[in-house]
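# A look at the structure
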Amino acid sequence: MNIQQELCAWYLRSHRDLPFRRSRDPYAIWVSEVMAQQTRIESMLPYYQRWMAKWPDVASLAKAPLEEVLHLWQGLGYYNRARKLHEGAKVVCQQFHGQLPVDVQQLRTIPGIGAYTAGAIASIAYGQRTPAVDGNVLRVTSRLCQIEEEITRKSTVDNVSRQVWTWMEGSDPAVFTQALMELGALVCTPKNPQCLLCPLRSACRCAQDGTWADYPVKKKAKPPQRRQLYTYWIENDRRQILLSQDWSDGLMKGLYRLPQTEIALRQTPQLSYQGHRRHVFSHRVWEMECYRGRLQSIALEDCFWVNKEELAHLPLVSAHRKWLMEAGGMEKSDAETEKIRYDIDKDQEE
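Residues numbered from 1 in each chain as written. Predicted model: local features only at pLDDT ≥ 70, side-chain atom pairs only at ≥ 80, totals over all residues. Heavy atoms only, no water.

What follows covers empty space enclosed by the protein. If you walk through the whole model with that rule in mind, you get 3 cavities of 30 Å³ or more. In this structure, the largest cavity occupies an estimated 110 Å³ of space. Lining the largest cavity are 15 residues, and of these Cys188, Cys195, Cys198, Cys204 and Ala207 lie nearest its centre. Put simply, the parts of the chain that give the lining of the largest cavity at least two residues each are α9 (135-145) and α12 (205-209). Counting residues per element, the lining of the largest cavity draws most heavily on α9, which supplies 3 residues. Its residues placed into classes, the lining of the largest cavity shows 13 nonpolar, no polar and 2 charged. (1 Å grid on protein atoms, 1.4 Å probe; cavity = no way out; pocket = protein on both sides within 12 Å on 5 of 7 lines; lining within 4 Å. Points joined across faces, edges and corners; volume = space filled by probe spheres on them. Helix = DSSP H or I, 4+ residues; strand = E, 2+ residues; numbered from the N terminus. Nonpolar A, V, L, I, M, F, W, Y, C, P; charged D, E, K, R; others polar.)

Our focus in this paragraph is the pattern of salt bridges. Here the structure, examined in full by the defined rule, presents 17 salt bridges. Arg40 serves as the salt-bridge partner of Glu42, at 3.4 Å between the closest nitrogen and oxygen. On the basis of relative accessibility, which here comes to 38%, the residue Arg40 falls in the partly exposed class. Note that Glu235 and Lys308 form a salt bridge whose closest N and O atoms lie 3.4 Å from each other. Of the two residues, Glu235 sits in strand β1 (residues 225-235) while Lys308 sits in the loop between β6 (303-307) and α13 (318-326), which places them 73 residues apart along the sequence. The buried category is assigned to Glu235, whose relative accessible area is 6%. Accessibility expressed as a relative area gives 12% for Lys308, which makes it buried. Counted as one network, the salt bridges with shared partners bring together Arg227, Asp249, Arg257 and Glu262. (Salt bridge = Lys/Arg side-chain N within 4 Å of Asp/Glu carboxyl O. Buried < 20%, exposed > 50% of the residue type's maximum accessible area, 1.4 Å probe, protein only.)

Turning our attention to the packing of helix α2 (residues 26-36) against helix α3 (residues 41-54). It is at 9 Å that the axes of α2 and α3 come closest, and there the two elements cross at 140°. For the pair α2 and α3, the crossing hand works out as right-handed. Facing α2, whose interface residues are Tyr27, Ala28, Val31, Ser32, Met35 and Ala36, α3 presents Ile41, Met44, Tyr47, Tyr48, Trp51 and Met52. Looking at the contact of α2 with α3, its residues break down into 11 nonpolar, 1 polar and no charged. (Axes fitted to C-alpha atoms, helices over the stretch in contact; angles between N-to-C directions. Left-handed = near helix turned anticlockwise from the far one by under 90°. Contact = heavy atoms within 4.5 Å.)

We now examine the packing of α9 against helix α11 (residues 173-186). In the contact formed by α9 and α11, the axes pass within 8 Å of each other and the chain directions differ by 80°. Judged by the angle between their axes, α9 and α11 are roughly perpendicular. Counted together, Asn136, Val137, Arg139 and Val140 of α9 and Leu180, Met181, Leu183, Gly184 and Ala185 of α11 form the full contact between these two elements. Its residues assigned to classes, the contact of α9 with α11 comprises 6 nonpolar, 2 polar and 1 charged. (Parallel < 35°, antiparallel > 145°, perpendicular 65-115°, else oblique.)

The next thing to look at is the pairing of strand β4 (residues 271-280). Examined bridge by bridge, β4 and strand β5 (residues 284-294) share 9 bridges and lie antiparallel to one another. Along β5, the bridge assignment pairs Gly275 with Cys290. Between β4 and β5, which pair antiparallel one after the other, the connecting turn spans 3 residues. (Pairing = 2+ DSSP bridges.)

A few words on helix α8 (residues 115-125). With 10 of 11 residues buried, α8 lies mostly within the body of the structure. The secondary structure elements touched by the buried residues of α8 are α2, α7 (104-107) and α11. Just downstream of α8, Gly127 is the residue with a positive phi angle, here 70°.

Here we come to the environment of Gln296. Relative to the elements of secondary structure, Gln296 occurs in the loop between β5 and β6. Residues Gln296 and Ile121, 175 residues apart in the sequence, show an inter-C-alpha distance of 53 Å. Contact partners of Gln296, with chain neighbours within four places excluded, come to Asn236, Asp237, Arg238 and Trp305. Side chain to side chain, Gln296 and Asp237 meet in a polar contact 3.1 Å long. (Polar contact = N/O pair within 3.5 Å; in protein donor to acceptor, adjacent residues only side chain to side chain.)

This is how it looks when you write it as structure tokens:
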């Protein structure tokens, strides 16, 4: 079987019509690939469309305030991706005259662009024979070839990259790269792959012996770290709410949050217990004992008062934004216009 021919033919007749696939603009491809990392396509599409409408090119993104960038991003998770896109746009303007370079090694000097993203930009936008190895590609290749090595090892990723480079020979790199990703997204899925619909099933070792569940080989994940916290929703008589910019825990720098501490504040009649809330990140869990009350002043570091009407325009961590919305701490119109991804029960860290 000619894997490249079969795969590309399948893609041309079966791929999803997505807005970023209608363009060879390297900036649009860069944004779409970064947004799609660790995120379902159907979830990221509204964000992508809003992003491109607001910042249609590198120069406009480079000029944007970081707070606006994080505000538009909130709900996608892994906020460091947004920070790196913003930082990278500035570097592109300063060092490459506002145009993403063609050379892969130069692409990799830009903040936030690693081997995968550089490969995606080079192959899709510039038509270079450059592998772009993401989770989908690793899974498809490991099943096709029954790769026994642990999939996150650099040596394994390098081997997969070399295999993909071989398969690309004679293809349109833009079509091949997207085809391999699409196969992993639609057919060779992590659970219950549709082997009978796969254009490569006759060449796939796992499809032949039914061992797809054993691949890719992964090391056992560590249980998430749990952190006990006291979380405070504090208002004053001026329709203001207290927010914190304490990022000492290393999570979601640049996003504001409600004040929270590991040691409970001194109890007063003005603070009433609201119950327990749990928020799950990719590797951590916040176990929050929640209190709400009205105080005119409080001595907490890194905290400031903000008018409640401004909340919709500030980037807030989802764990606290959800509580504010559910309990009426934000105007109803805010909840209608700010489309946070509530269809998941897991948020992401940087």
